[in-house]
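Chain by chain, the residues:
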Amino acid sequence: MTFSIFLQQLINGVSLGSLYGLIAIGYTMVYGILRLINFAHGDVLMMGCYFAFYAILIFSLPWWVSFPIGIFLTALLGIAIDRGAYLPVRKAPRISALITAIGVSFFLENLGLVLFGGRPKPFHRPPVFGKVLEWGDIRFLTLSLWIPSIAFFSLLLLLWVVYRTRTGRAMRAISRDMETVRLMGVDVNRITSITFALGSALAAAGGIMWALKFPQIDPYMGIIPGLKAFVAAVLGGIGNVLGAALGGLLLGLVEILLVALMPSLAGYKDAFAFLILIGILLFKPTGIIGEKLPD
Amino acid sequence: MDKVRDRILSGFSVAGLFVFLYWAQGNATEYQVRLLNNCAIFITLAVSYNLINGICGQFSLEPNAFVAIGAYTSALLTMTPAEKQLSFIIEPLVWPLNVISFPFWLSLLVAGTVTAFLALLMGFPVFRVRGDYLAIVTLGFGEVVRVVANNLQSVTNGPLGLKGIAPYTNLWWSFGFMTLTLFFVHRLTGSSFGRAMKAIREDEVAAEAMGVRSFRHKMMAFTVSGFFEGVAGGMLAHLITTISPVLFTFFLTFNLLIIIVVGGLGSTTGSAIAAVLFVLGGEALRAVEEPFSVGPLQVPGIPGMRMVIFSLILIVVMIFARKGVMGREEFSWQGLINLIRGVQESGVQGVK
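Here is what the cut-offs are and how they apply
- Residues numbered from 1 in each chain as written.
- Chains lettered and ligands numbered in written order.
- Predicted model: local features only at pLDDT ≥ 70, side-chain atom pairs only at ≥ 80, totals over all residues.
- Helix = DSSP H or I, 4+ residues; strand = E, 2+ residues; numbered from the N terminus.
- Rg over C-alpha atoms; globule rule 2.2 N^0.38 Å.
- Buried ≥ 20, exposed ≤ 12 C-beta atoms within 10 Å, placed from the backbone.
- Contact = placed C-beta atoms within 7 Å.
- Pairing = 2+ DSSP bridges.
- Axes fitted to C-alpha atoms, helices over the stretch in contact; angles between N-to-C directions.
- Left-handed = near helix turned anticlockwise from the far one by under 90°.
- Nonpolar A, V, L, I, M, F, W, Y, C, P; charged D, E, K, R; others polar.
- Expected span 1.5 Å × (residues − 1).
- Core = buried A, V, L, I, M, F, W, Y, C linked by C-beta atoms within 7 Å.
- Parallel < 35°, antiparallel > 145°, perpendicular 65-115°, else oblique.
- pLDDT = per-residue confidence, 0-100.

1. Concerning the overall build of chain A
Point 1. When helices and strands are counted, chain A shows twelve helices and four strands.
Point 2. At 19 Å, chain A has a C-alpha radius of gyration in line with the 19 Å of a compact globule built from 295 residues.
Point 3. For chain A, the C-alpha atoms occupy an extent of roughly 60 × 50 × 35 Å along the three principal directions.
Point 4. Relative to its full complement of 295 residues, chain A shows a buried share of 49%.

Dropping the structure here:
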């Protein structure tokens, strides 16, 4: 494998990895604060793509208006899911919340199937993302520069919210002990709704980037990114935002490089992510950055 | 006295079931026979899934993997070499599978054993984690199995799947195996092993402190579950006669999850009842997908609405009726008699 091919795959890997990272930080934030694996994260991602898609299609808005609208509507969807489905089972045992999350995930997928139809739809890729850049032997889309930048800025934004604002302080407190925070006079339900709104907005941003990279959207598109984002989050240390970003990057790089080195195993690339997950859970369950594994 | 009465009543019910099956074999329409077969297979699947999820309390999402393994193993073993030649057009089947052809009962046994063995292997990494992680790891295994089935062209024929499997499954096989499963699971749950599993479900730390070896019992539930799911998968393959990786996605696990949750996590009877409701309800809800009229309103048929309704049912059950239909209780003849007496009494009082 020549150096330029390796560099090409490295760029592909960073592009894919930062995409996984962007989706993972929303996932891990919700888990860190609520201890809930939001199975529906991938499907919220899917809804974000469709919102943006229809904003462009029906209202003919330019992409730099419809993408933020899609993200905003998805944040509202996240709040609706939290209030409608997760709030009533907050006091219930963890299994109930998990089953409810699975139910919401399937509900969104099938609702998407009913509302949008199962046929994949083409997602518009604005020219600014689609220009091909060349550097010697290596070619890549401007998208491969946009995705890491957006992921990086989202990470900074999230870190700022969680560590430098009052709401963020409440979020961190809730992740330690929800009951005591309630006693301190904090409206826990409001904070969790904000958490979900933020997580869903990040999912939508990740989803739109995903749709720009793989420009076909269908109601089941969110499953694989959602699962891989979970693997990335566990890889980096579940509950840790920085860990999720790093985990995503690592996962993307490993996936691309494994396929580049052994092309005959390309069909198994989805299985790699799960094997990595099982390996991590066996040998270093706290992940790379490492936080205590909750009981 | 009660025990004798119970035994007699159970014996009569089983005999009655088989008389009904004998009648159905000759007289029911093909559609009804297919529904009955589906019911039996789903009852088997639900009851064995309930063993690991509801009774042992380990929330796992593995059935689609085990059903897939059982189905493929059983199908690969019963198909004649000629049939295999027809299916494997891209890459020939690997030796010795392409020359052997077992009888149905043997292939089911092998399928169950292979699945149970794989469950045993899987259990070692899987039970190192708990709770949410267990769910995701088992989900991951399910996906790995599906991806492998999709890609291992020389063994599973990849995305083309296997077609032309002989339709060996009939009412006797499916209901016979279902009765065996119900009997086995019922006896297991009532035994000391079952009590240990329930203890693990309630509070694993306390159970360990009481001397229950939790890993051993979790493994037991997992492998038993795997065996029955594998055999049920084999029967499913010989009912549908065509299998491919798309049949065994997370969708199947999700359906089984709805069944055991609605029936009551931890109740074998509940899972059985819910499985029947699911199969029949799924057929009845087909009406939603055709145009129908509610009074003066003409409601257009919306394809796919069935699964939306099922997911809504799951969410609603989790929010409002978490215990499901049977909660944790099992069926007992005494309970049925009490129920009938209660209805009779309230009927009499109504008349007064």
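Moving on, there is more to tell.
2. What to know about the overall build of chain B
Point 1. Across its full length, chain B holds 16 helices and four strands.
Point 2. A globule of 352 residues ought to have a C-alpha radius of gyration of about 20 Å, and chain B, at 22 Å, matches this closely.
Point 3. Here the contacts in chain B between residues at least 6 apart in sequence split such that 81% fall between residues at least 24 apart.

3. Here we look at the pairing of strand β3 (residues 138-141) of chain A
Residues and elements named next belong to chain A.
Point 1. In the sheet, strand β2 (residues 132-135) pairs with β3 via four bridges, with the strands oriented antiparallel. Bridge pairing in β3 places Trp135 opposite Ile138.
Point 2. If you look at the hairpin formed by β2 and β3, you'll find two residues sitting between the two strands, and Gly136 has a positive phi there, around 70°.

4. Focus: the packing of helix α3 (residues 63-78) of chain B against helix α12 (residues 250-263) of chain B
Residue and element names in this part refer to chain B.
Point 1. Orientation of α3 relative to α12, taken along the N-to-C sense of each, is 115°, at an axis distance of 7 Å. Read as a crossing pair, α3 and α12 show a hand that is right-handed. Taking contact as the criterion, the partners of Pro63, Asn64 and Val67 in α3 are, on α12, Phe250, Leu252, Thr253 and Leu256.
Point 2. Here the contact of α3 with α12 is built from residues that sort into five nonpolar, two polar and no charged.

5. Comments concerning the interface of chain A and chain B
How big an interface is tends to be stated in terms of accessible area lost as the parts join.
Point 1. Contacts between the two partners involve 32 residues from chain A, matched on the other side by 32 residues from chain B.
Point 2. Every element with two or more residues in the side of chain A that touches chain B is listed here: α4 (94-116) and α12 (269-283) of chain A.
Point 3. Tallying contributions element by element places α4 of chain A first for the side of chain A that touches chain B, with 15 residues.
Point 4. Split into classes, the residues belonging to the side of chain A that touches chain B amount to 25 nonpolar, five polar and two charged.

6. Digging into helix α10 (residues 223-236) of chain A
Residues and elements named next belong to chain A.
Point 1. For α10, with 14 residues, the first-to-last C-alpha span of 20 Å sits near the 20 Å given by 1.5 Å per residue.
Point 2. Counting buried residues in α10 gives twelve out of 14 residues, a clear majority hidden from the surface.
Point 3. Taken as a whole, α10 has its buried residues at Pro225, Gly226, Leu227, Lys228, Ala229, Phe230, Val231, Ala232, Ala233, Val234, Leu235 and Gly236.
Point 4. Phi for Gly237, located one or two positions after α10, is positive at around 110°.

7. Quick word on the nonpolar core
Point 1. If you look at the biggest cluster of nonpolar residues, it comprises 192 residues, and the most contacted ones within it are Val231 of chain A together with Ala46 and Ala275 of chain B.
Point 2. Not counting chain neighbours up to four residues away, the residues in contact with Ala46 of chain B comprise Leu256, Ile259, Ile260, Ser271, Ala272, Ala274 and Ala275 of chain B.

8. Thoughts on the packing of helix α2 (residues 41-59) of chain A against helix α3 (residues 63-86) of chain A
Residue and element names in this part refer to chain A.
Point 1. Contact geometry of α2 with α3 gives a least axis separation of 8 Å together with a crossing angle of 140°. In terms of their interaxial angle, α2 and α3 are classed as oblique. With respect to the hand of their crossing, α2 and α3 are arranged in right-handed fashion. Touching Val44, Met47, Gly48, Phe51, Ala52, Ala55 and Ile56 of α2 are Trp63, Ser66, Phe67, Ile69, Gly70, Ile71, Leu73, Thr74, Leu77 and Gly78, all from α3.
Point 2. Grouping the amino acids of the contact of α2 with α3 by side-chain chemistry returns twelve nonpolar, five polar and no charged.

9. A closer look at the environment of Leu280 of chain B
All names here are of chain B.
Point 1. Structurally, Leu280 can be placed in helix α13 (residues 268-284).
Point 2. C-beta crowding within 10 Å serves as the criterion here: with 13 such atoms nearby, Leu280 is assigned to the partly exposed category.
Point 3. Along the backbone, Leu280 and Met79 are 201 residues apart, and their C-alpha atoms lie at a distance of 31 Å.

10. Quick notes on the environment of Tyr50 of chain A
Residue and element names in this part refer to chain A.
Point 1. For Tyr50, the position within the fold is in helix α2.
Point 2. For Tyr50, a count of 24 C-beta atoms within 10 Å puts it in the buried group.
Point 3. When sequence neighbours within four positions are dropped, the list of residues in contact with Tyr50 reads Gly112, Phe116 and Ile217.

11. Topic: α2 of chain A
All names here are of chain A.
Point 1. A rise of 1.5 Å per residue sets the reference length of α2, with its 19 residues, at 27 Å; its end C-alpha atoms lie 26 Å apart and thus fit the reference within 8%.
Point 2. In terms of burial, α2 is a largely internal element, 15 of the 19 residues being buried.
Point 3. Following α2 by one or two positions, Ser60 has its phi on the positive side, about 55°.

12. Structural notes on the environment of Gly233 of chain B
Point 1. Its place among the elements puts Gly233 of chain B in helix α11 (residues 214-240).
Point 2. Separated by 84 residues in the primary sequence, Gly233 of chain B and Val317 of chain B place their C-alpha atoms 28 Å from one another.

13. So, unusual backbone geometry
Point 1. Even without glycine at this site, Ser60 of chain A takes up a positive phi of about 55°.
Point 2. A positive phi angle is found at Thr241 of chain B, which is not glycine, with a value near 65°.
Point 3. With respect to the helices and strands, the residue Thr241 of chain B is situated in the loop between α11 and β2 (242-243).

14. Details of the confidence of the model for chain B
Residue and element names in this part refer to chain B.
Point 1. Put simply, chain B has an average pLDDT of 84, and 93% of its residues get 70 or more.
Point 2. Across chain B, the secondary-structure element scoring lowest on mean pLDDT is strand β4 (residues 297-299), at 59, and the one scoring highest is α11, at 92.
Point 3. Across the whole predicted complex the pTM is 0.86, and at the interface the ipTM reaches 0.83.

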